[in-house]
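Close look at the chain arrangement
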Amino acid sequence: MSLLKVTDLGKSFGGNRAVDGVSFEVAAGELLALIGPNGAGKSTTFNMVNGQLRADAGSITLDGIELIGRRPRDIWHRGVGRTFQIAETFASLTVVENVQMALISADAKLYSLWKRAADHRRGEALALLAQVGMQAQADRPCSALAYGDVKRVELAIAMANAPKLLLMDEPTAGMAPQERNALMALTKRLVVERGMAVLFTEHSMDVVFVYADRMIVLARGRLIAAGKPAEIRDHPKVQEVYFGSGKTFEKDKKAATA
Ligand code: ADP
Ligand code: MG
């Protein structure tokens, strides 16, 4: 049985059907990419799954339990994690302190305890940082890190709650190609090692084909294709949406390098 099951999901803003009759599933241990051009409805879909936005229509179940109508915090407790950008106020904390904060927050302990609990769960935080290759930089302030390394720490923070399903909205935005690849490879490793499911959105195509187990494609709120990367690459509707009719990914690649 699938971990996440989305059925006939819909959301309108005024007269604009941002998400319209979208259905898909994500299994444990699967990396599913949700792709589509800007304005396709990716973030809206994403925010309905995590509870930030309430769906107008359809159903979203995790392990068979309906999520629509639940608060974001409840959905998070049930095992739907998401990556957040490290807030500026926390940039002065060290790498390991940021992950400790996330672990403490997952325990529902209070931030006011923080000062008395500076070593609280440090070992666990270091173990999470080791998983993302950031243990050596644990005691540096986050503000001193390279952008790609900040993204690794954000991933460790999201893992603190041991999510069954991790949501990532354009995780590689603003990254250089090499950093994008490294982050996706790391995410893929966490999927395999932890049997975690990941749903990530992406508007560009390059990184996605290599790391996604499966892909779904949105255009103007509707799901136009679903399948393995190779199937999506050759899908006429997808090529039309991204490149206009008559072009293919191959031709586009050649055009880009010519
Ligand atoms: P994507 O993430 O694929 O770029 P979005 O889900 O952000 O697309 O947006 C889908 C559509 O919904 C767009 O037409 C966008 O303008 C609209 N939209 C998104 N959020 C809101 C909002 N809070 N209020 C009104 N319209 C919105
Ligand atoms: Mg978006």
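Conventions we followed
- Residues numbered from 1 in each chain as written.
- Chains lettered and ligands numbered in written order.
- Predicted model: local features only at pLDDT ≥ 70, side-chain atom pairs only at ≥ 80, totals over all residues.
- Heavy atoms only, no water.
- Near = heavy atom within 4 Å.
- Polar contact = N/O pair within 3.5 Å; in protein donor to acceptor, adjacent residues only side chain to side chain.
- Areas by Shrake-Rupley, 256 points an atom, 1.4 Å probe, with all protein chains shown as cover.
- Helix = DSSP H or I, 4+ residues; strand = E, 2+ residues; numbered from the N terminus.
- Nonpolar A, V, L, I, M, F, W, Y, C, P; charged D, E, K, R; others polar.
- Contact = heavy atoms within 4.5 Å.
- pLDDT = per-residue confidence, 0-100.
- Pairing = 2+ DSSP bridges.
- Axes fitted to C-alpha atoms, helices over the stretch in contact; angles between N-to-C directions.

As for the site of ligand 1
- In the neighbourhood of ligand 1, the contacting residues comprise F13, N16, A18, P37, N38, G39, A40, G41, K42, S43 and T44.
- At a separation of 2.8 Å, an oxygen atom of ligand 1 approaches a polar side-chain atom of K42.
- Protein chains bury 58% of the 560 Å² of accessible surface belonging to ligand 1 in isolation.
- Looking at the shell around ligand 1, the elements that each hand over two or more residues are β2 (16-26) and α1 (42-49).
- A total of three residues in the shell around ligand 1 trace back to one element, the largest contributor, which is α1.
- Residues belonging to the shell around ligand 1 are distributed by class as follows: four nonpolar, six polar and one charged.

Structural notes on the side chain of K151
- Its location among the elements puts K151 in helix α5 (residues 147-159).
- The residues touching K151, leaving out its near neighbours within four places in the chain, are Q85, P171, M175 and L183.

Thoughts on the confidence of the model for the chain
- Summing up the model confidence of the chain, the mean pLDDT is 87 and the portion of residues at 70 or higher is 88%.
- Segment residues 250-258 is flagged for pLDDT under 50; beyond a separation of four residues in sequence, or across chains, it makes three contacts in the model.

Description of the sheet that holds strand β4 (residues 57-62)
- With respect to topology, four strands assemble into an open sheet ordered β2-β1-β4-β5, the strand pairing being antiparallel. In this open sheet, the two strands that pair with only one neighbour each are β2 and β5 (65-66).
- One ladder, built from two bridges, connects β4 with β5; its direction is antiparallel. Bridge pairing in β5 links T61 to E66.
- Strand contacts of α1: β1 (4-13), β2 and β4, with the helix running at about 120° to β1, the strand carrying the most contacts.

A short note on the sheet that holds strand β3 (residues 31-35)
- Sheet architecture is open: six strands sit in the order β6-β7-β8-β3-β9-β10, paired in mixed fashion. A strand with exactly one partner marks an edge of an open sheet, and here the two such strands are β6 (80-82) and β10 (222-227). Going across the sheet, the axis of each strand differs from the next one's by a mean of 20°, ignoring polarity.
- Looking at chain direction, strand β7 (residues 165-169) and strand β8 (residues 197-202) are connected through five bridges and run parallel. Bridged to L165 within β8 is A197.
- Across the sheet, α1 lies against β3, β6, β7, β8 and β9 (214-219), angled at about 150° from β7, the strand it touches most.
- Lying over the sheet, helix α9 (residues 236-243) contacts β3, β8, β9 and β10, oriented at roughly 125° with respect to β10.

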